[in-house]
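Analysis of the macromolecular model
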Amino acid sequence: METLLFLFPQFNYMASKEEAYFKMFSPEDLQAPNMKDDTSRQKDKERKSRLSLFLTKSGSHENVSPHKKTNTTPNNISPETALQWSDSFEELLKHSDGVDSFAQFLRTEFSEENIEFWLACEEYKTIDSETKLLSKAKYIYTVFIDSDAPKEVNIDYNTKMAIQKDIAQPTKSCFEAAQMKVYSLMKKDSYPRFLHSDIYLRLTRRKGPGATMFRRRSRSCVFNERGEANSDPAAW
């Protein structure tokens, strides 16, 4: 069945002002706009999916790729090495295996974007070329900062707006405030849980409460299986 629609001359530049005109529309013609809207939405979803996949495969760091997916804990890490990571969060980040293991733990909490953002910022600060700096800044903003970012980090509105303002002419410090906020969040919140996680306990060959005491000497103290320090020389 066809539908008759009247169109008015003011919307038709080819018709005279006194003349009304009409056009016959089939049901397929009337449904076309809706079909186009559905097709457009589907294309948007596919584009975002491709963007997310592309971004997941992009980026690297001198120690560890921020997008590296490790399903198993490396077997070549000695308990002594792993125990060094309990000295401080800064010590953990000095070791590529430590960053890998911490990233694996964050994935279990669905917050791996924090370490990936931090690593991307560390790499960003080493770039000297203005062209590459601009490209990397846009990448970081698109992946981690933008409201529609696939791996948006949790930062406050003012910090996000400051980055958005500076992104047109980025400097090496334009992500510094956001990086420090994410760093503080990982240090105070995620890192303590990591030290009590199964991932870390397996690396240190510890099995939780009741396990055999495992000692290591670090400067002037000895650590037990809970990571507690005893500075009494008699405990050595």
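Residues numbered from 1 in each chain as written. Predicted model: local features only at pLDDT ≥ 70, side-chain atom pairs only at ≥ 80, totals over all residues. Heavy atoms only, no water.

**With respect to the overall build of the protein chain**
Let me state the cut-off plainly: Labels follow the DSSP assignment, with helices taken as runs of H or I lasting at least four residues and strands as runs of E lasting at least two, numbered in each case from the N terminus. Exposed residues in this analysis have more than 50% of their type's maximum accessible area, buried residues have under 20%, and partly exposed residues fall in between, with area computed by a 1.4 Å probe over protein chains only. By the convention used here, residues are in contact when the closest approach between their heavy atoms is within 4.5 Å. Computed by Shrake-Rupley with a 1.4 Å probe, the accessible areas treat only the displayed protein chains as cover when residues are assessed.
Each helix and strand in the protein chain was counted, giving nine helices and five strands. A buried classification covers 39% of the 236 residues belonging to the protein chain. Residue pairs at least 24 apart in sequence account for 53% of intrachain contacts in the protein chain once pairs closer than 6 positions are excluded. Accessible surface, the protein chain: about 15,200 Å² in total, of which carbon and sulfur atoms supply 52%.

**Overview of the packing of aromatic side chains**
Going by this rule: Under the pairing criterion, centres of Phe, Tyr and Trp rings, with the six-membered ring standing for Trp, must be within 6.5 Å; the plane angle then separates stacked pairs below 30 degrees from edge-to-face pairs above 60, leaving the rest tilted.
One pass over the structure, following the stated rule, counts 11 aromatic pairs. Consider the rings of Phe 194 and Tyr 200, whose centres lie 5.2 Å apart with planes at 50°: the pair is tilted. Of the two residues, Phe 194 and Tyr 200, both sit in the buried class. The rings of Trp 85, Phe 89, Phe 102, Phe 105, Trp 118, Tyr 183, Tyr 191, Phe 194 and Tyr 200 are connected pair by pair, giving a single aromatic cluster.

**Thoughts on the environment of Asp 189**
Stated formally: As used in this structure description, the phrase polar contact means that two N or O atoms lie within 3.5 Å; if the pair is within protein, one of them must be able to donate a hydrogen and the other to accept it, and residues adjacent in sequence are counted only when both atoms belong to side chains.
With respect to the helices and strands, Asp 189 occurs in helix H8 (residues 176-195). The partly exposed category is assigned to Asp 189, whose relative accessible area is 34%. Among the polar contacts made by the side chain of Asp 189, one reaches the side chain of Arg 193 at a distance of 2.9 Å.

**Describing unusual backbone geometry**
Positive phi, close to 55°, is recorded for Phe 110, a residue that is not glycine. With respect to the helices and strands, Phe 110 occurs in the loop between helix H4 (96-108) and helix H5 (113-124). The class of Phe 110 is exposed, set by a relative accessible area of 72%.

**Some words on the pattern of salt bridges**
Pairing is possible between side chains that carry opposite charge, provided their charged atoms lie close to one another. Filter applied, for reference: Salt bridge criterion: a side-chain nitrogen from Lys or Arg within 4 Å of a carboxyl oxygen from Asp or Glu.
One pass over the structure, following the stated rule, counts 10 salt bridges. Of the charged contacts in the structure, one is a salt bridge between Lys 187 and Glu 90, with a shortest N-O distance of 3.1 Å. Taken together, the residues Lys 187 in helix H8 and Glu 90 in helix H3 (residues 89-93) connect sequence positions 97 residues apart. For Glu 122, the salt bridge identified is with Lys 125, shortest N-O distance 3.0 Å. Taking the relative accessible area as the measure of exposure, Lys 125 reaches 34% and is therefore partly exposed. Put simply, Glu 109, Asp 189 and Arg 193 are held in one network by salt bridges that share partners.

**As for the packing of H4 against H8**
As a reminder of what qualifies: Lines fitted to C-alpha atoms define the axes here, with helix axes fitted over just the stretch in contact, and angles between the N-to-C directions of these axes take values from 0 to 180 degrees. Orientation categories follow fixed angle ranges, with anything under 35 degrees roughly parallel, anything over 145 roughly antiparallel, 65 to 115 roughly perpendicular, and all other angles oblique. Only Asp, Glu, Lys and Arg are considered charged, only Ala, Val, Leu, Ile, Met, Phe, Trp, Tyr, Cys and Pro nonpolar, and every remaining residue, Gly among them, polar.
Following both chains from N to C, one finds H4 and H8 inclined at 95°, their axes separated by 10 Å at the closest point. When the axes of H4 and H8 are compared, the pair comes out roughly perpendicular. Within the contact between the two elements, H4 uses Ser 101, Phe 102, Phe 105 and Leu 106 and H8 uses Met 186, Ser 190, Tyr 191, Arg 193 and Phe 194. Taken together, the residues that form the contact of H4 with H8 break down as six nonpolar, two polar and one charged.

**A look at the state of the cysteines**
Threshold: Pairs of cysteine sulfur atoms within 2.5 Å are identified as disulfides in what follows.
On inspection of all chains with the given rule, the structure shows zero disulfides. A disulfide-free cysteine, Cys 121 has its sulfur positioned 8.2 Å from the sulfur of Cys 174, the nearest such atom.

**Some words on the nonpolar core**
Spelled out, the test is: We define a nonpolar core as any set of buried Ala, Val, Leu, Ile, Met, Phe, Trp, Tyr and Cys residues linked to one another through side-chain atoms lying within 4.5 Å.
In this structure, Phe 102, Ile 115, Phe 117, Ile 145, Phe 175 and Phe 194 are the most contacted members of the largest nonpolar core, which totals 44 residues. Broken down by element, the residue count for this core peaks at eight residues, all from helix H6 (residues 130-145). Not counting chain neighbours up to four residues away, the residues in contact with Phe 102 comprise Phe 89, Leu 92, Ile 115, Met 186, Ser 190, Tyr 191 and Phe 194.

**A short note on the confidence of the model for the protein chain**
Heads up, the condition is: Every residue is assigned a pLDDT by the predictor, reflecting its confidence on a scale from 0 to 100.
When pLDDT is averaged along the protein chain, the result is 74, and 56% of the positions lie at 70 or above. Per-residue pLDDT, averaged within each element of the protein chain, yields its smallest value for strand S3 (residues 217-218) (39) and its largest for H5 (98). Long-range and interchain partners of residues 32-36, a stretch whose pLDDT sits below 50, account for zero contacts in this model, where long-range means more than four residues apart. Scored below 50 in pLDDT, residues 52-72 shows 41 contacts in the model against residues more than four places distant or in partner chains.

**Brief notes about helix H7 (residues 157-166)**
For the record, the criterion: Directions from the helix axis toward the C-beta atoms define the arc.
Considered for burial, the residues of H7 that qualify are Thr 159, Lys 160 and Ile 163. The arc enclosing the buried residues of H7, seen along the axis, measures out at 100°, which places them on a common side. For H7, the exposed residues lying more than 90 degrees away from the buried face are Tyr 157, Asn 158 and Lys 165. Packing partners of the buried residues in H7 comprise H6 and H8. Where H7 begins, one side-chain oxygen reaches toward the backbone nitrogen of Asn 158, 3.2 Å away; that side chain belongs to Asp 156.

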